[in-house]
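Understanding the architecture of this molecule
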Amino acid sequence: MTAFSTHEYKVRVPDAAGDVVLSPDEDSAGEITLDASRKPHVQATLNVAVADSALLTKLDPRASRRVVIDVTSSSDDGSQSRLFDLGIRRADPDRASGTVELELASDEAILADAAQLVDDVTPRTFQSSLRSVCEYVLSKVPGVLRNLEPNSRALSTGTLAPYGPRFGWARSFVTTGSPAPDAPATVVRFTSPESGSVSGRGVDSYGNPDLAAPGTSGGWLEGPRVTPGQTITISRFIRLFVGKTTWVTRVRFHNGAGAWVGSRLSGAVVEQTLANNWARPSWTGVVPAGAKYVAISTVMAGATALTTSTLMDITGVMTETTDRVRSWREQALEPGGPDADVTAYWPVASLVSNPSFETNTDGWAAGTNATAPARFSDTAQGEVSGAWVARWAANAAGSSYIDYQDISIRPGVSYVLSAYMYSEDAARNGRVMMRFKAGNGTILRDVYGPTTALKSAEWTRLSIIATAPPGAEKATLHLEHIATAGGQAARADGVMFHEGTELIPYFDGATVDTAAYDFAWTGPAHASNSTRTPSVERPPEALTWRAGVSGMDFLEPLLKASGLRIVCDELRRWSLRDADYRADGNQTYRYGANIETAVESLSREDDAWFDAAVYEYTWTDRDGIAQRRVDAFGLNAAPTKVLRVDPCDTTSRATP
């Protein structure tokens, strides 16, 4: 049996002044391809007739214009539709024939375009979740379609601004047993304070559009900021625990300075057919000139019978710069999906050979206005490391120091000094100091940490970060207790001095190994330097989004290291995918079952087959020194074809 189908193509360019309808060239319309292994995931060529050359400005890729292709396939079995919302990457007009050839792509292309103008270290704050790193990067890329709401999941830990009670309904955060389809399970629950047949009750967001004038502070300024000329769509999931009712979303824009912009606008009325059923009212329109923010009400459109215990739930709020209601997402990524921990792990050597005074006080000596440091077993406050601390007393009022011996250093390198201290007397201060010296002992620079109030009942960690000046070859370390009288004593423990630009958790060679790090002494215990060595090295620089590096190039090494890839489909939906991901409609083909003829090829001439892989990673460390690491995998001891992957900026993995 042979089945025939016809296809209808509708092509338009979204425009706030009115969509521009395009006609595909009947002789050579073009093609759309989807490739799971390619970036961008969706690519297309489209030939369209453009009779009016003035319309070419609507097709200029430099203005971030887009094309929406609506494809409908009809057959005896029914019809199917598929929408493609793609960015214009290139436009080639043929003025003689009145046609334009367009190259289109999904939004990975704009992620590959966008870059920061300055180094951005913020991704490091999200390192425990690669999804969160991706969300941050996508939030910085102009044109990425994302939810602008600050608390779309209705979490009790989020801002309350999106959920203002209307007419005094009591508000609480709950977890519902029957979540809205494709929406989060957490909701804001409201309880009615009144009885009777009423309308207009519901929830306000970022203000009340019915007021004569908007406010200028608080929740008014905590909602999503809007841009004049943009098309936006606002939607919410809402339900009332009574019978059938109807809902409508109303919006009104304001300038953030106490004045409304335009009149109140309403979306279509949406019916809630049964008690406890979810409805999703929405509004789509263009942001007017002069607007900065939007106030939203979602209310009952008709009279509904309430009691003083009637419940109302709302969740899954969305505001997006699009002309249609899309499936709910908290930010840009589709909910669910894989994640990975990309926390930075890197080697460090602590250059203090006697950091916790476990066997003696070697290397430490009395400095200005101090008694000689002595070992002390602190049974009251405990120790930071081991079983002993150092104790010293001031000879008189003023700064009292204990000093640590010369340490070899390198000029131009950043160093971190830290120590735990407390005072035996209340209300005393302390600080730490590095002294940089030339090879002949000449003092080049003293660098003091901030003066810090020391506690008498618990440890306080003091620290300073400084760069060794030109000519510096040695450094001495100094712990300062500022006494108000002679005899006042201080204690210290857990001293570290290492190369770096940030304070890290204390360790020494006696620290118990973890899954992330191995710790060791370089020589005798408590009498040599300490090292921490990561099980898997990922330098912190890998989580710095460097100026001029595209969002895609920044994310790709982290994604590869986690066995993931980031994809944006034809509906502008972003997701993280692993090797097991299968797209909807994925099919298996077998010869003689659903394949009549096929062309096969077995080859070792391209990169589709290999039996070993070598990943080379290069980067410049914090000292400006070029670093190189190699990660390799082989199926056999003597591989016959090795795939070499171009250098990347961080540690990844080679797997079959």
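The following paragraphs examine the structure supplied in this document. Within every chain, residues take consecutive numbers counted from 1 along the sequence as written. A pLDDT threshold of at least 70 governs which residues receive local features in this predicted model, and a stricter bar of 80 or more applies before side-chain atom pairs are shown or counted, although totals over entire chains, interfaces and linings include all residues. The basis for every side-chain value is the complete set of heavy atoms in the structure, and neither hydrogens nor water enter the calculation.

**Some points on the pairing of strand β6 (residues 78-94)**
On a regular strand, one side chain projects to one face of the sheet and the next to the other, so that they alternate. In this sheet, β6 lies alongside strand β5 (residues 66-75) in antiparallel orientation, the contact comprising 10 bridges. Directly across from S75, in β6, lies its bridge partner G78. Between any two strands, pairing holds if DSSP finds at least two bridges. Secondary structure elements are taken from DSSP: a helix is a run of H or I of four residues or more, a strand is a run of E of two residues or more, and numbering for both begins at the N terminus. The antiparallel hairpin formed by β5 and β6 contains two residues in its connecting segment. Connecting β6 to the next strand, strand β7 (residues 99-105), in antiparallel fashion are four residues, including G98 with a positive phi near 70 degrees.

**A closer look at the packing of aromatic side chains**
Classification of ring pairs rests on two measures: the distance between centres of Phe, Tyr or Trp rings, Trp counted by its six-membered ring, which must be within 6.5 Å, and the angle between planes, read as stacked under 30 degrees, edge-to-face over 60 and tilted in between. In the structure shown here, the tally under the stated rule is 10 aromatic pairs. An angle of 75 degrees between the planes, with centres 5.5 Å apart, marks the rings of Y345 and Y517 as edge-to-face. With Y345 in the loop between β20 (311-320) and β21 (348-350) and Y517 in strand β33 (residues 517-521), this pair connects stretches of sequence that are 172 residues apart. Exposure remark for Y345: the relative accessible area of 22% places this residue in the partly exposed category. Taking 4.7 Å as the distance between ring centres and 75 degrees as the angle between the ring planes, the aromatic pair formed by Y422 and W459 counts as edge-to-face. Of this pair, Y422 sits in strand β26 (residues 414-423) while W459 sits in the loop between β29 (452-454) and β30 (460-467), placing them 37 residues apart in sequence. The buried label goes to any residue with under 20% of its type's maximum accessible area, the exposed label to any with over 50%, and the partly exposed label to all in between, with areas taken from a 1.4 Å probe on protein chains only. Y422 sits in the buried class, given a relative accessible area of 1%. Using a relative accessible area of 16% as the deciding quantity, one classes W459 as buried. Three or more aromatic residues joined by ring pairs make a cluster, and in this case those are Y345, F507, Y517 and F519. Throughout this description, the term charge over a ring refers to an Arg CZ or Lys NZ atom that lies within 6 Å of the ring centre and within 35 degrees of the ring normal. The residue whose ring lies beneath R375 is W388, and the NZ or CZ to ring-centre distance is 3.9 Å. Between R391 and the ring centre of F376, over which it is positioned, the NZ or CZ distance is 6.0 Å.

**Some thoughts on the environment of D119**
In this structure, D119 sits in the loop between α1 (108-113) and α2 (130-139). Sequence spacing of D119 and T544 is 425 residues, and the spatial spacing of their C-alpha atoms is 6.7 Å. The residues touching D119, leaving out its near neighbours within four places in the chain, are T544, W545, R546 and A547. Between N or O atoms, a polar contact is any pair within 3.5 Å; within protein, one atom must be a potential hydrogen donor and the other a potential acceptor, and residues adjacent in sequence are included only when both atoms are from side chains. Within the structure, the side chain of D119 is placed 3.2 Å from the side chain of R546, a separation counted as a polar contact. Side-chain polar atoms of D119 contact the backbone nitrogen of A547, separated by 2.9 Å. Residue contacts follow a heavy-atom distance rule, with two residues in contact if any of their heavy atoms lie within 4.5 Å.

**Notes on the sheet that holds strand β17 (residues 282-286)**
Read across the open sheet, the five strands follow the order β9-β10-β20-β13-β17; overall the sheet is antiparallel. Each edge of the open sheet carries a strand with a single partner, namely β9 (170-175) and β17. Pairwise comparison of adjacent strand axes, ignoring direction, gives a mean angle of 25 degrees for this sheet. Direction of pairing for β9 relative to strand β10 (residues 186-191): antiparallel, over a ladder of six bridges. Pairing of A170 across the sheet is with T191, part of β10. Axis lines are fitted to C-alpha atoms, over the contacting stretch for helices. Their N-to-C directions set the angle, which ranges from 0 to 180 degrees.

**Remarks on the pattern of salt bridges**
Salt bridges are counted wherever a side-chain nitrogen of Lys or Arg sits within 4 Å of a carboxyl oxygen of Asp or Glu. In total, this model carries 37 salt bridges according to the counting rule given. Measuring nitrogen to oxygen at the nearest pair gives 3.7 Å for the salt bridge that ties R329 to E320. Comparing R329 with E320 shows no difference in burial state: the two are buried. The shortest N-O distance in the salt bridge between R329 and E334 comes to 2.1 Å. Accessibility expressed as a relative area gives 0% for R329, which makes it buried. Shared partners join several salt bridges into a network, and the residues in it are R12, D19, R66, D85, D107, D323, R324 and R572.

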